[in-house]
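What follows is each chain in one-letter form.
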Amino acid sequence: RLGYNIGDAGLSFSAKEFKLVNKNNPSQEVDYSLLWQAIDVVSRKYIDKDQIDQKKVLYGAISGAVRAGGDEYTEFFDPETLAVFRTELKGTFSGIGAEIGKQNGNIVIMAPIEGSPAQKAGLRPKDVIVKINDQTVAGWTTDQAASNIRGEVGTSVKLTIYREGQDAFDLTIVRAQIEIKSVKVAYKEINGKQIAILTISKFGDDTEKLFNSAVTEIKNKNVAGIVVDLRNNPGGYLDASVVLASDW
């Protein structure tokens, strides 16, 4: 049920009540008027109210609602973050070349990309990022961290890292153009038999095509077995992962 009023702050809308229905749970009524009251108070009384970006207010409210579900792997993407996410899944981006994720509430290095500035600087899997350019990342999403780590080629970013068994230390890394393929294939001889090692680093735009090409190559090699390596894979498009799983 929606209502509106006109006051000193101009025209404002107030959502009085929403009815949420979930087929697995009893329906419940939630009063959202407190949210609208809070936004209205900030808009009228904040000391720099003319500088408030209402889109950021909206995105912040949605992000808070999503986080309230308690699942650290569920995130809201604003348009800018979504654009960065899609760029990364294309396999080409400007940054330090490290896959990051979230573990126990921390932003961690999942894997530095081979030959990348991150690897050359000495970053390792499970390194915890404490600060980015002296800003603490406590409470940040992985995408917030990623957008702050990325930047123009040739510029640098300072990371404060915690590594188990060591004191926190700083690393300054120069950004570069990163190009990575999401699927790689290699071969290893084990007990006299040739085994294919199929590494899938993420589920991106190029994954299905590269996977199909790798499978064709492997079949022509007549290998004795295949190992699919998904270690440090941070995820990506669900559809791509379903397609690959279905191929088996």
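Our subject is the structure that appears above.
None of the values given here were measured: they were computed from a predicted structure. (Residues numbered from 1 in each chain as written. Predicted model: local features only at pLDDT ≥ 70, side-chain atom pairs only at ≥ 80, totals over all residues. Heavy atoms only, no water.)

**Topic: the sheet that holds strand E13 (residues 183–190)**
Part 1: Read from one edge of the open sheet, 3 strands run E13-E14-E15, paired in mixed fashion. Looking along the sheet, the strands with just one partner apiece sit at the ends: E13 and strand E15 (225–229). Averaged over all pairs of adjacent strands, the angle between their axes in this sheet comes to 25 degrees, without regard to strand direction.
Part 2: Here strand E14 (residues 193–200) pairs with E15 via 5 bridges, running parallel. Residue Thr199 lies in a different strand from E15, and its bridge partner there is Asp229.
Part 3: Across the sheet, helix H6 (residues 207–221) touches E13, E14 and E15, and the angle it forms with E13 is around 25 degrees. (Pairing = 2+ DSSP bridges. Helix = DSSP H or I, 4+ residues; strand = E, 2+ residues; numbered from the N terminus. Axes fitted to C-alpha atoms, helices over the stretch in contact; angles between N-to-C directions. Contact = heavy atoms within 4.5 Å.)

**Details of the pairing of strand E10 (residues 156–162)**
Regular strands have side chains that alternate between both faces of the sheet.
Part 1: The pairing of strand E8 (residues 128–132) with E10 spans 4 bridges and is classified as antiparallel. Pairing of Ile132 across the sheet is with Leu159, part of E10.
Part 2: With 6 bridges connecting them, E10 and strand E11 (residues 169–174) associate as antiparallel partners. Note that in E11 the partner of Ser156 across the bridge is Val174.

**Examining the pattern of salt bridges**
Opposite charge on two side chains allows them to pair when their charged atoms are near.
Part 1: In this structure the tally under the stated criterion is 5 salt bridges.
Part 2: Ionic pairing is found between Lys158 and Asp134, a salt bridge with its closest N-O pair at 3.0 Å. Of the two residues, Lys158 sits in strand E10 while Asp134 sits in the loop between E8 and strand E9 (135–136), which places them 24 residues apart along the sequence.
Part 3: Across the pair Lys158 and Asp170 runs a salt bridge, and its minimum N-O distance is 3.7 Å. (Salt bridge = Lys/Arg side-chain N within 4 Å of Asp/Glu carboxyl O.)

**So, the packing of aromatic side chains**
Part 1: Within the structure shown, the criterion is met by 2 aromatic pairs.
Part 2: Between Tyr59 and Phe76, the aromatic rings sit 5.8 Å apart at their centres with planes inclined by 40 degrees, giving tilted as the arrangement. Taken as a pair, Tyr59 in helix H2 (residues 54–67) and Phe76 in the loop between H2 and helix H3 (79–89) lie far apart in primary sequence, 17 residues in all.
Part 3: The exposure class assigned to Tyr59 is partly exposed, which follows from its relative accessible area of 22%.
Part 4: Here Phe76 falls in the partly exposed class, since its relative accessible area comes to 27%.
Part 5: Seen in terms of ring centroids, Phe211 and Trp248 are 6.0 Å apart; in terms of plane orientation they differ by 65 degrees. Their pairing is edge-to-face. In this pair, Phe211 sits in helix H6 while Trp248 sits in the segment after helix H7 (238–247), placing the two residues 37 residues apart along the sequence.
Part 6: Accessibility expressed as a relative area gives 59% for Trp248, which makes it exposed.
Part 7: When the ring centre of Tyr187 is taken as reference, the NZ or CZ atom of Lys221 above it lies at 5.4 Å. (Phe/Tyr/Trp six-rings, centres within 6.5 Å; stacked < 30°, edge-to-face > 60°. Buried < 20%, exposed > 50% of the residue type's maximum accessible area, 1.4 Å probe, protein only. Lys NZ or Arg CZ within 6 Å of the ring centre and 35° of its normal.)

**Observations regarding unusual backbone geometry**
Part 1: Although it is not a glycine, Lys126 adopts a positive phi angle of roughly 80 degrees.
Part 2: Tracing the backbone through its elements, the reader meets Lys126 in the loop between helix H4 (117–121) and E8.
Part 3: On the basis of relative accessible area, Lys126 is assigned to the exposed category, the value being 67%.
Part 4: Of note, the phi angle at Asp134 is positive, near 70 degrees, even though the residue is not glycine.

**What about the environment of Thr172?**
Part 1: For Thr172, the location among the structural elements is in strand E11.
Part 2: Separated by 40 residues in sequence, Thr172 and Ile132 place their C-alpha atoms 9.9 Å apart.
Part 3: When residues no more than four places from it in sequence are discounted, the contact partners of Thr172 are Ser156, Val157 and Lys158.

**Things to note about the side chain of Lys102**
Part 1: Within the fold, Lys102 resides in strand E6 (residues 98–103).
Part 2: From its side chain, Lys102 meets the backbone oxygen of Trp140 in a polar contact 2.8 Å long.
Part 3: If near-sequence neighbours (up to four positions away) are discounted, Lys102 is found in contact with Glu72, Tyr73, Ile107, Trp140, Thr141 and Thr142. (Polar contact = N/O pair within 3.5 Å; in protein donor to acceptor, adjacent residues only side chain to side chain.)

**A word on empty space enclosed by the protein**
Part 1: For the coordinates displayed, the defined rule picks out 1 cavity of 30 Å³ or more.
Part 2: If you add up the space inside the largest cavity, you get close to 120 Å³.
Part 3: Lining the largest cavity, in full, are Glu88, Phe93, Gly95, Ile96, Gly97, Ala98, Glu99, Ile100, Ala146, Ile149 and Arg150.
Part 4: Among the elements of the structure, strand E5 (92–95), E6 and helix H5 (142–149) are those that each provide at least two residues to the lining of the largest cavity.
Part 5: Looking at which element gives the most residues to the lining of the largest cavity, the answer is E6, with 3 residues.
Part 6: For the lining of the largest cavity, the per-class residue count stands at 6 nonpolar, 2 polar and 3 charged. (1 Å grid on protein atoms, 1.4 Å probe; cavity = no way out; pocket = protein on both sides within 12 Å on 5 of 7 lines; lining within 4 Å. Points joined across faces, edges and corners; volume = space filled by probe spheres on them. Nonpolar A, V, L, I, M, F, W, Y, C, P; charged D, E, K, R; others polar.)

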